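# Topology and contacts: notes
Listed below are the residues making up each chain.
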Amino acid sequence: MNTYSNMRLLVLFVFLIAAVCSNANASENRYSIHDGHIHYDQDVWNTLPATDAIRMLEQQNISRALVSATPTEGAEMLYRAAPELVIPMLRPYKSWRHRYLWFNDPDLKAYLLEHMGRVPYRGFGEFHVFGKDAGSIPIEEMIELARERKLVLHPHTDLEGMRIILQKAPDVVVMWAHGGFDVPVETLQELLDAHPMLYIELSLREGMLDHEQQLTPQWKQFLVTYRQRFLVGMDTYKPSRWADLPGIAAETRGWLVQLPDEVAADISRYNLDRLFP
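Residues numbered from 1 in each chain as written. Predicted model: local features only at pLDDT ≥ 70, side-chain atom pairs only at ≥ 80, totals over all residues. Heavy atoms only, no water.

## Details of the overall build of the chain
- A count of helices and strands for the chain gives twelve helices and eight strands.
- The buried share of the chain, reckoned over its 277 residues, is 56%.
- If you take every contact in the chain between residues at least 6 apart in sequence, the share linking residues at least 24 apart comes to 71%.
- A total of about 12,100 Å² of accessible surface is found on the chain, and carbon and sulfur atoms cover 54% of it. (Helix = DSSP H or I, 4+ residues; strand = E, 2+ residues; numbered from the N terminus. Buried < 20%, exposed > 50% of the residue type's maximum accessible area, 1.4 Å probe, protein only. Contact = heavy atoms within 4.5 Å. Areas by Shrake-Rupley, 256 points an atom, 1.4 Å probe, with all protein chains shown as cover.)

Here's what the structure looks like:
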């Protein structure tokens, strides 16, 4: 048996164990999660069929999810498997290599238009761009498409890139992936106050929890005060994140239960529903 076959069997075994754990924990899931950050990339779909991926989400009581993929056919496959659960997002990458080139690709608009008719895409992203690259002409064209078709932008960017996007798209819903990771809370508050169309997606966000996995007082107050501007996400950006989906969902619910019920309900599902009715 070759190395690829061994690896495939190992990954299948990991997914099987995850599915068993999912069944064991499903009854303990207090909050239905409407997830703002799921990927179903080619390195996953080669091993985990779409129907099994949907089953894993359902077992974790993830009943709606924004899904993007590299290449974007993965989002289309998952949408066709469960259109009532999957909200497809169009990632502007033709391949992983294109991830580092897409924002300067003069054919980007044509690529987006070509794919938009395949399934009812609701936005562009998650896309990676940093600093001044966020001001490129192809990105301006993508923003204009989002404006015309009332689509959402889901950028993974730094503070400089976010400021550029917000300046160019003040009338477009923008969901900041990971909330900028480590951007100070004070800066996030300033941006939320200045830009009513900005939302913070919290997957892999740093600094929220202390060493005992409790929300810090600053973050708890921040989440309560801006309760209608946050979304949760599992960010299954690699196969191991799918395998660890039960643990990631449990960690998310671990801090959601520290909030007032009405605040947790907004952040875990209702905010996404308001953006994607």
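## Regarding the sheet that holds strand β1 (residues 33-39)
- Read across the sheet, three strands follow the order β1-β2-β3 without closing on themselves; strand pairing throughout is parallel. The outermost strands of the open sheet, each flanked by one partner alone, are β1 and β3 (86-88). Pairwise comparison of adjacent strand axes, ignoring direction, gives a mean angle of 25 degrees for this sheet.
- For β1 and strand β2 (residues 62-68), the ladder comprises five bridges, and the chain directions are parallel. Across the sheet, residue His-39 finds its bridge partner in β2, namely Ser-68. (Pairing = 2+ DSSP bridges. Axes fitted to C-alpha atoms, helices over the stretch in contact; angles between N-to-C directions.)

## What to know about helix α4 (residues 73-81)
- For α4, the complete set of buried residues consists of Gly-74, Ala-75, Glu-76, Leu-78 and Tyr-79.
- Of the surrounding elements, those touching the buried residues of α4 are α2 (42-45), α3 (50-59), β2, β3 and α5 (108-116).

## Brief notes about the packing of α3 against α4
- Taken N-terminus to C-terminus, the directions of α3 and α4 make an angle of 70 degrees; their axes are 9 Å apart at the nearest point. Taken as axis vectors, α3 and α4 run roughly perpendicular relative to one another. Note on element contacts: α4 touches α3 through Met-77, Leu-78 and Ala-81, opposite Ala-50, Ala-53 and Ile-54.
- Among the residues forming the contact of α3 with α4, the class breakdown is six nonpolar, no polar and no charged. (Parallel < 35°, antiparallel > 145°, perpendicular 65-115°, else oblique. Nonpolar A, V, L, I, M, F, W, Y, C, P; charged D, E, K, R; others polar.)

## Digging into the side chain of His-34
- Position of His-34 relative to the elements: it lies in strand β1.
- Not counting residues within four places of it along the chain, the set of residues in contact with His-34 comprises Ser-63, Arg-64, Val-232, Ser-268, Arg-269, Leu-272 and Asp-273.

## Thoughts on the pattern of salt bridges
- Applying the stated criterion across every chain, the model contains 14 salt bridges.
- Asp-105 is the salt-bridge partner of Lys-94, the closest N and O atoms lying 3.3 Å from each other. Of the two residues, Lys-94 is situated in the loop between β3 and α5 and Asp-105 in the loop between β3 and α5; the sequence distance between them amounts to eleven residues.
- Overall, the relative accessible area of 39% leaves Lys-94 in the partly exposed class.
- With a closest N to O distance of 2.7 Å, Glu-144 and Arg-147 form a salt bridge. With Glu-144 and Arg-147 both in helix α6 (residues 137-149), this residue pair falls three residues apart, about one helical turn.
- Residue classification places Arg-147 among the partly exposed residues on the basis of a relative accessible area of 26%.
- Where salt bridges share partners, they join Glu-73, Glu-76, Glu-114 and Arg-118 into one cluster. (Salt bridge = Lys/Arg side-chain N within 4 Å of Asp/Glu carboxyl O.)

## As for the packing of aromatic side chains
- Evaluated as defined, the whole model comprises nine aromatic pairs.
- An angle of 65 degrees between the planes, with centres 5.2 Å apart, marks the rings of Trp-219 and Phe-222 as edge-to-face. Here the residue Trp-219 and the residue Phe-222 both occupy positions in helix α9 (residues 217-225), the gap between them amounting to three residues, near one helical turn.
- The exposure class of Phe-222 is buried, given its relative accessible area of 1%.
- Members of the aromatic cluster, connected to one another through ring pairs, are Tyr-93, Trp-102, Phe-103 and Phe-127.
- Against the face of Tyr-270 rests Arg-269, its NZ or CZ located 4.8 Å from the ring centre. (Phe/Tyr/Trp six-rings, centres within 6.5 Å; stacked < 30°, edge-to-face > 60°. Lys NZ or Arg CZ within 6 Å of the ring centre and 35° of its normal.)

Purely geometric numbers; function is a separate question.
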